[in-house]
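# Report on the structure
What follows is each chain in one-letter form.
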Amino acid sequence: MGKASRKKRQHRARKVVPATSAEVMGGDPRSLGEAALGRLLRTNAPEKLSLAGAYAFGYMELGYAQRESVAPAWYEEVDPLDALFLGAAWPGKFGDEFEFANARDAWLRLLRGTVHGKGVERFVREVVSASEELALPVDDGELMLALADRLEAAGLDQRRLPRRLLPRVALQDCRAVRGPSLDLRLPDPPEDAKRQARRFWEDPAEESSADDTPYAVLREGLRQFEEAGMPVEEDSSVLLPALYAALLAKPAELLLDVGQHAAVWACSLDEASELVPVLDILLVAPEREISVTDTLAHLFAVPAFTEPIPSDALLWTSSPGLALSRLAFGLDIPKVSTRDTEITPDLLDWVGMHTRMHLSAVARRSAAELEEADGIDGADGSEEEADERWSERREALRGAALDKIRKKSDRAAVTHRAFDRPIERIWNADGSSLIRISSETPDGQGLIEDIKAQREAFREKFGRNPGPDDPLFFDPDADEPLPLSKQHFDDMMLEMAERAAEIGIDPAFLHAWREVGYVVTEENRSMWTTAEVLAFSRAVVRHREAEE
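This structure is a prediction, so every number in the text was calculated from the model and none was measured.

## Some words on the overall build of the chain
Counting secondary structure elements, the chain contains 23 helices and four strands. For the chain, buried positions account for 49% of its 548 residues. Expressed as a percentage of contacts within the chain between residues at least 6 apart in sequence, the contacts between residues at least 24 apart total 67%. Roughly 26100 Å² of accessible area belongs to the chain as shown, and the carbon and sulfur atoms make up 50% of that amount.

Here is the structure:
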């Protein structure tokens, strides 16, 4: 087990277990937090909650679930902002982490621009400040207990949320939770819809890297699904998963998971997103048993179908543990320390991907264990029965696609176009991965030589060979092997950008690398999803425009 895994398990062992009276020591953060929790629980009620009170109820829910061993696996991934939303929605329950995260984000969008939205921003600042002062990750149990006292002191118990903004009321007809309306009116197909459909199917599959429209990405996804034996021209339930698979799915993401993830992602976007009309058509077409041909005809009538995919659709947000960091970065807070890692803006997409795949792998294992123990077929792995009002529609939306995909493959992964490259990333279904470097190409041989040189630099610096838990690229200023810090990397990129003309490199390329945290080249392109490639390409364009 690596250092990160050991550290996470140590933190989990003490997460969100309420203190007992015997443990309380006068004046320390833990005892102050316990006292504040008691006050907040006494002075708040489910229908009369402040933000601090909502946090207290959420903390209570986490502690109770852990103590009684009824906590779903995704409770291990929550942070203080997730706890706040759990408390605001209490005693409501969520069917799974996806339903929870989409509802959380929709609720936070409703609060944005209100006095309570400002309160959420203050909440985020208090969480990060407490993390820095106590030298604890934001999702550590000790910090989450101590936080209650800070919220009281910050005045976050002074104003009650109006009933209309409580999740149970505010999210009753929310698209993020229930999907698009059953009465959604689809746009009339254009007169030349048949011609456009022939072109969609018959044109060469190769698209330029700059073609970042839903039209092009959907075609690539359908090509992948056709190679996997899916009925791409027969059933409209495969269209949305195909779009998601070509845009966001990692190569090891199982087809069975792709159907679920696609519907969750489609519902997660802000209703103001330009992509929503496209996604709504793809969501309702299977429900109404609309053919693939007719679904495409409706899509041809939506301008966004042939326009660049908006950047807000390139990031997975539908998991616990993601909203706090996103809001923090919007407040110019540069980093957030969690039990898993120190999250910076360039790592947000990676953290979301890893959480999504990890929790799906956990759910599959739980389902398999239940089937083996109970001798029943089709167990869903849930530990709590979902509130019907929150989950029935979402299950219907994704059900058709899941059934089609399940019939084709229970364990097959998403297929991506093969590349003969010197370097590629091999993914596992739980989100872990490893890098494979080919020794059969000149570029691959050069990379191997670079790694050998880096190992030699490690030996010269620390007087020993690097171990399995040591970073290959280490901080040269540290006295012990530590990963290259974000600040050191940024400084290095900025210095290189200043000398870019001398070394024949576009400075925008280096600035984009610094912004998104990775670099896309012809040699390593197959390592990245379409969304990652687009994010990098757009960052290059932005920096070029800024230099003009």
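## Structural notes on the side chain of Ser325
Mapped onto the secondary structure, Ser325 falls in helix α16 (residues 323–330). Overall, the relative accessible area of 2% leaves Ser325 in the buried class. Ser325 has contacts with Val336, Ile343 and Leu348, leaving out every residue within four places of it along the chain.

## Overview of helix α2 (residues 29–43)
For the α-helix, the turn length of 3.6 residues means that residues three or four positions removed from each other point alike. Counted at 1.5 Å a residue, the expected span for α2 with its 15 residues is 21 Å, and the 21 Å between its end C-alpha atoms agrees. Of the residues making up α2, those classed as buried are Arg30, Ser31, Gly33, Ala36, Leu37 and Leu40. The residue sitting at the N-terminus of α2 and contributing the capping side-chain oxygen is Asp28; that oxygen lies 3.1 Å from the backbone nitrogen of Arg30.

## Quick word on unusual backbone geometry
The omega torsion across Trp90 and Pro91 is 10°, close enough to zero to call that bond cis. Note that Pro91 resides in the loop between α4 (80–89) and α5 (97–111). A positive phi angle is found at Ala135, which is not glycine, with a value near 55°. By the element assignment, Ala135 lies in the loop between α6 (115–134) and α7 (141–153). Residue Asp332 is not a glycine yet carries a positive backbone phi of 65°. One can find Asp332 in the loop between α16 and β1 (336–337).

## Regarding the nonpolar core
Counting residues in each nonpolar core, the largest one holds 122 residues, and the members touching the most others are Trp107, Phe123, Leu218, Phe225, Leu247 and Trp265. Here the element with the most residues in this core is helix α3 (residues 51–67); it accounts for nine residues. For Leu247, the residues in contact, after removing those within four places along its chain, are Val217, Trp265, Ile309, Ala313, Leu314, Thr529, Thr530, Ala531 and Leu534. If you look at the next biggest cluster of nonpolar residues, it comprises twelve residues, including Ala508, Val516, Val520 and Ala539.

## Thoughts on α3
Here α3 spans 24 Å end to end across 17 residues, near enough to the 24 Å set by a 1.5 Å rise per residue. Burial analysis of α3 places 13 of its 17 residues in the buried class, which makes it a mostly covered element. Two residues or fewer past α3, Ser69 is found with a positive phi of approximately 60°.

## Considerations on the packing of aromatic side chains
As enumerated under the stated definition, the model contains 21 aromatic pairs in all. Ring centres of Phe200 and Tyr215 lie 5.2 Å apart, and the angle between their planes is 90°; this geometry places the pair in the edge-to-face category. On the criterion of sequence distance, the pair formed by Phe200 in helix α10 (residues 193–202) and Tyr215 in helix α11 (residues 214–227) is long-range, its members being 15 residues apart. Across the pair, Tyr215 and Phe200 agree in class, each one buried. An aromatic cluster is present here, built from Trp74, Tyr75, Phe85, Phe94, Phe100 and Trp107 joined pairwise through their rings. Its guanidinium or amino end placed over the ring of Trp316, Arg356 lies 5.0 Å from that ring's centre, counting from NZ or CZ.

## Digging into the pattern of salt bridges
The tally for this structure, following the rule as stated, stands at 28 salt bridges. Note that Asp157 and Arg160 form a salt bridge whose closest N and O atoms lie 3.4 Å from each other. What you see here is one network of salt bridges that share partners, running through Asp82, Arg104, Asp105 and Arg326.

## Comments concerning the packing of α6 against α7
With their axes 10 Å apart at the nearest point, α6 and α7 run at an angle of 125° to one another. With respect to α7, the element α6 is oriented oblique. In terms of crossing hand, the pair formed by α6 and α7 is right-handed. Of the residues in α7, those in contact with Phe123, Glu126, Val127, Ser129, Ala130, Ser131, Glu133 and Leu134 of α6 are Leu143, Ala146, Leu147, Arg150 and Leu151. For the contact of α6 with α7, a count of residues per class yields eight nonpolar, two polar and three charged.

## A few points about the side chain of Asn44
Inspection of the secondary structure assignment puts Asn44 in the loop between α2 and α3. Owing to a relative accessible area of 6%, Asn44 belongs among the buried residues under this scheme. A polar contact of 3.0 Å, which involves the side chain of Asn44, links it to the backbone oxygen of Leu40. Polar contacts involving the side chain of Asn44 include one to the main-chain amide nitrogen of Ser50, which spans 2.9 Å. Contacts of Asn44, omitting those with residues within four sequence positions, involve Leu49, Ser50, Gly53, Phe57, Asp157 and Arg160.

## Digging into the environment of Glu126
Relative to the helices and strands, Glu126 resides in helix α6. Taking C-alpha positions, Glu126 is 7.8 Å from Leu147, a pair spaced 21 residues apart along the chain. If we ignore the near neighbours within four places in the chain, the residues touching Glu126 are Leu147, Arg150, Leu151 and Ala154.

## Points about the confidence of the model for the chain
On average, the chain scores 83 in pLDDT, and the residues at 70 or more come to 80%. A low-confidence stretch, residues 16–26 (pLDDT under 50), is modelled with 24 contacts involving residues beyond four sequence positions or located in other chains. Scored below 50 in pLDDT, residues 376–402 shows 62 contacts in the model against residues more than four places distant or in partner chains.

Criteria and thresholds
- Residues numbered from 1 in each chain as written.
- Predicted model: local features only at pLDDT ≥ 70, side-chain atom pairs only at ≥ 80, totals over all residues.
- Heavy atoms only, no water.
- Helix = DSSP H or I, 4+ residues; strand = E, 2+ residues; numbered from the N terminus.
- Buried < 20%, exposed > 50% of the residue type's maximum accessible area, 1.4 Å probe, protein only.
- Contact = heavy atoms within 4.5 Å.
- Areas by Shrake-Rupley, 256 points an atom, 1.4 Å probe, with all protein chains shown as cover.
- Expected span 1.5 Å × (residues − 1).
- Polar contact = N/O pair within 3.5 Å; in protein donor to acceptor, adjacent residues only side chain to side chain.
- Core = buried A, V, L, I, M, F, W, Y, C linked by side-chain atoms within 4.5 Å.
- Phe/Tyr/Trp six-rings, centres within 6.5 Å; stacked < 30°, edge-to-face > 60°.
- Lys NZ or Arg CZ within 6 Å of the ring centre and 35° of its normal.
- Salt bridge = Lys/Arg side-chain N within 4 Å of Asp/Glu carboxyl O.
- Axes fitted to C-alpha atoms, helices over the stretch in contact; angles between N-to-C directions.
- Parallel < 35°, antiparallel > 145°, perpendicular 65-115°, else oblique.
- Left-handed = near helix turned anticlockwise from the far one by under 90°.
- Nonpolar A, V, L, I, M, F, W, Y, C, P; charged D, E, K, R; others polar.
- pLDDT = per-residue confidence, 0-100.

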